[in-house]
Amino acid sequence: MRTERANGGGQAARRDPKVIVGAAIIEDGRVLACARSAPPEVAGMWEFPGGKVEPGESETAALARECAEELGVRVEIGDRVGRSVRMAHGRSVLKVYVARLLHGDRPQALEHSGMRWLSAAELDSVTWLPADAPIVAALRPLLAEILPPPPTGPHPA
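How each quantity is defined
Residues numbered from 1 in each chain as written. Predicted model: local features only at pLDDT ≥ 70, side-chain atom pairs only at ≥ 80, totals over all residues. Heavy atoms only, no water. Helix = DSSP H or I, 4+ residues; strand = E, 2+ residues; numbered from the N terminus. Buried < 20%, exposed > 50% of the residue type's maximum accessible area, 1.4 Å probe, protein only. Contact = heavy atoms within 4.5 Å. Core = buried A, V, L, I, M, F, W, Y, C linked by side-chain atoms within 4.5 Å. Salt bridge = Lys/Arg side-chain N within 4 Å of Asp/Glu carboxyl O. Pairing = 2+ DSSP bridges. pLDDT = per-residue confidence, 0-100.

Draft legend 1. View of the overall build of the protein. Regarding its fold elements, the protein presents 2 helices and 9 strands. When the helices and strands of the protein are listed from N to C terminus, the series reads β-β-β-β-β-β-α-β-β-β-α. Out of the 157 residues in the protein, the part that is buried amounts to 38%. For the protein, contacts bridging at least 24 residues in sequence account for 65% of all contacts bridging at least 6.

Draft legend 2. Structural detail: the nonpolar core. Within the largest apolar cluster, 22 residues are counted, with the highest numbers of intra-cluster contacts made by Val-31, Phe-48, Trp-128 and Leu-139. When residues of this core are traced back to their parent elements, those giving at least two are strand 3 (18-27), strand 4 (30-35), strand 7 (75-87), strand 8 (92-101) and helix 2 (133-145). Among the elements that make up this core, the one with the highest residue count is helix 2 (4 residues). In this structure, Leu-139 is in contact with Ala-24, Ile-26, Val-31, Phe-48 and Val-81, ignoring residues within four places of it in sequence. Within the second largest apolar cluster, 17 residues are counted, among which are Leu-63, Leu-71, Val-93 and Ala-99.

Draft legend 3. Representation of the pattern of salt bridges within the structure. Considering all chains together, one arrives at 10 salt bridges under this definition. Residue Arg-36 pairs with Glu-47 through a salt bridge whose shortest N-O separation is 3.3 Å. Of this pair, Arg-36 sits in the loop between strand 4 and strand 5 (46-47) while Glu-47 sits in strand 5, placing them 11 residues apart in sequence. A salt bridge links Asp-105 to Arg-74, with the nearest nitrogen and oxygen atoms 2.7 Å apart. Taken together, the residues span a long stretch of sequence, with Asp-105 in the loop between strand 8 and strand 9 (114-118) and Arg-74 in the loop between helix 1 (59-71) and strand 7 at a distance of 31 residues. The exposure class assigned to Arg-74 is partly exposed, which follows from its relative accessible area of 44%. Residues joined in a network through salt bridges with shared partners are Glu-57, Arg-65, Glu-66 and Glu-69.

Draft legend 4. Inspection of the environment of Val-81 at higher detail. Along the chain, Val-81 falls in strand 7. Separated by 14 residues in the primary sequence, Val-81 and Lys-95 have C-alpha atoms spaced 7.8 Å apart.

Draft legend 5. Region of the structure containing the pairing of strand 3. Along strand 3, 8 of the 10 residues are buried, which leaves the element largely enclosed by surrounding structure. Relative to strand 8, strand 3 is paired through 8 bridges, and the arrangement is parallel. The residue bridging Lys-18 from the neighbouring strand is Ser-92, located in strand 8. Two elements, strand 3 and strand 6 (residues 50-52), share 3 bridges in a ladder whose sense is antiparallel. Pairing of Ile-20 across the sheet is with Lys-52, part of strand 6. Relative to strand 4, strand 3 runs antiparallel, the two sharing 2 bridges. Following the sheet pairing, Ile-26 is matched in strand 4 by Val-31.

Draft legend 6. Spotlight on the confidence of the model for the protein. This prediction gives the protein a mean pLDDT of 87; 83% of its residues lie at or above 70. Every residue in residues 1-13 scores below 50 in pLDDT, and together they form 21 contacts with partners more than four places removed in sequence or on other chains.

Shown next as structure tokens:
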């Protein structure tokens, strides 16, 4: 999607929307949801962790950087989930990717007020940011297909 803006000479200048990336980090059939701590109008609402793609940065590199900054984890980025979601009156677009934790890393809420691992049945137990809601809908069938691993321990003979 492109937007057009007239420059001083009356000619239209093309400007691509800013890309925001999010990570649907999935583990054991659950996805990580993070509660926003700011700004006040969205504090307490839930989102997929992520942030802005910086100039010259790929979407996947930005997402790996954001996960390290926000959660203190290393991730492997997979396929896109759902469609691109227009935000900020078309000035931004949200793209969410499936991600997997690497090296036994455990997320920490470094920039969020809370975190929860949600199964497909629990996705509606939190209030998602409006931009994340279409992604939640697209994620539901994917999570339903992923079964948690069998319990470990002694097996009956």
